[in-house]
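Structural description and commentary
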Amino acid sequence: FVMCFVSGLFLSLTSLLSLTSLLMGNPIPLTMKFTFGNVLSMGAVGFLVGPSQQCKSMLAPGRRLASLLYVTSLAVTLCS
């Protein structure tokens, strides 16, 4: 859990250092670091509560739309 969380946090925070490359017209370093940081952070939560419980809570009626938008945006970011 700790390694996954710390790695995700590190990637998410270091993505902010890539803002200059974004302003220069190269968004890839920022988007990749930020997206992989979020994926690792979600994996860390999965280690804590278990993957099935995490999926159940993400698919709860009040969270379903937000979770769908979040996961879709991560997938689109990685595919583009």
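The preceding data block contains the structure.
Procedures and definitions
Residues numbered from 1 in each chain as written. Predicted model: local features only at pLDDT ≥ 70, side-chain atom pairs only at ≥ 80, totals over all residues. Heavy atoms only, no water. Helix = DSSP H or I, 4+ residues; strand = E, 2+ residues; numbered from the N terminus. Buried < 20%, exposed > 50% of the residue type's maximum accessible area, 1.4 Å probe, protein only. Areas by Shrake-Rupley, 256 points an atom, 1.4 Å probe, with all protein chains shown as cover. Phe/Tyr/Trp six-rings, centres within 6.5 Å; stacked < 30°, edge-to-face > 60°.

For the rest of this paragraph, the subject is the overall build of the protein. Summing up its helical and strand segments, the protein has five helices and zero strands in all. Secondary structure of the protein in N-to-C order comes out as α-α-α-α-α. Taken along the three principal axes of its C-alpha coordinates, the protein extends 40 × 30 × 20 Å. Relative to its full complement of 80 residues, the protein shows a buried share of 22%. Of the accessible surface of the protein, which amounts to about 5,600 Å², a share of 79% is contributed by carbon and sulfur atoms.

Within the structure shown, the criterion is met by one aromatic pair. Aromatic pair phenylalanine 1 and phenylalanine 5: ring centres 6.0 Å apart, planes at 15°, arrangement stacked. The exposure class assigned to phenylalanine 1 is partly exposed, which follows from its relative accessible area of 42%.

Treat this as a map of the structure, not an account of what it does.
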